[in-house]
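Listed below are the residues making up each chain.
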Amino acid sequence: SFDGKYLLMRCSSKESSEVHYVDLRPGDNEEYENDNDDTVASGIKGKPDGKNKELVCIAKRQPKVLYRVTHCRGYWLVQTNIGNLPNLSLKSCRVGETGMEHWKDVFVVDISSG
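Residues numbered from 1 in each chain as written. Predicted model: local features only at pLDDT ≥ 70, side-chain atom pairs only at ≥ 80, totals over all residues. Heavy atoms only, no water.

Focus: the packing of aromatic side chains
Per the counting criterion, the structure on display carries 4 aromatic pairs. Here Tyr6 and Tyr21 contribute two aromatic rings whose centre-to-centre distance is 5.5 Å and whose plane-to-plane angle is 85 degrees, an arrangement assigned as edge-to-face. With Tyr6 in strand β1 (residues 6-12) and Tyr21 in strand β2 (residues 17-23), this pair connects stretches of sequence that are 15 residues apart. Per residue, the accessibility class of Tyr6 equals that of Tyr21, and both read buried. (Phe/Tyr/Trp six-rings, centres within 6.5 Å; stacked < 30°, edge-to-face > 60°. Helix = DSSP H or I, 4+ residues; strand = E, 2+ residues; numbered from the N terminus. Buried < 20%, exposed > 50% of the residue type's maximum accessible area, 1.4 Å probe, protein only.)

Here it is as structure tokens:
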């Protein structure tokens, strides 16, 4: 991620995608729920703590669903075509919430009303 807190791994094809992440911050990392600092790190904060860190899947691959994510203040911002949209929509969820059912609309444009 741009703030250096997470390493993102994206697996995708032309029709579907899946993103996994590893938390790069040292320690227990329980503070991600209150992670709302206004600064952008210029790299990884702290030193590795030697603990094994596992890849966490943000949302499992679904047919015909593409998505990509970025981290912002304890949330994943998700650009996706979920819902058969012609363009990407912007959704968000808290870091640690896995699965598309947690994604909430950030901004919706209704182009059908003219």
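Continuing now.
Examining the environment of Leu77
Assignment of secondary structure puts Leu77 in strand β5 (residues 75-80). The class for Leu77 is partly exposed, based on a relative accessible area of 27%. The spatial distance from the C-alpha of Leu77 to the C-alpha of Leu90 is 6.9 Å, given a sequence separation of 13 residues.

Some thoughts on the pattern of salt bridges
For the structure on display, the rule yields 3 salt bridges. Put simply, Asp23 and Arg25 hold a salt bridge, and the shortest N to O gap is 2.8 Å. Judged by relative accessible area, which is 12%, Asp23 ranks as buried. (Salt bridge = Lys/Arg side-chain N within 4 Å of Asp/Glu carboxyl O.)

Some details on the confidence of the model for the protein chain
Close inspection of predicted coordinates is inappropriate in any region flagged by low pLDDT. In the predicted model, the protein chain carries a mean pLDDT of 80, and 71% of its residues have values of at least 70. Every residue in residues 29-34 scores below 50 in pLDDT, and together they form 11 contacts with partners more than four places removed in sequence or on other chains. Residue range residues 36-47 is modelled with pLDDT below 50. Its contacts to residues more than four positions away, or to other chains, number 18 contacts. (pLDDT = per-residue confidence, 0-100. Contact = heavy atoms within 4.5 Å.)

What about a nonpolar patch on the surface?
Residues Leu90, Val106 and Phe107 make up a contiguous nonpolar surface patch of about 280 Å² in total accessible area. Along the chain, Leu90 turns up in strand β6 (residues 89-94). (Patch = residues over 30% accessible without salt bridge, like charges linked within 9 Å, V, L, I, M, F, W, Y side chains within 5 Å. Areas by Shrake-Rupley, 256 points an atom, 1.4 Å probe, with all protein chains shown as cover.)

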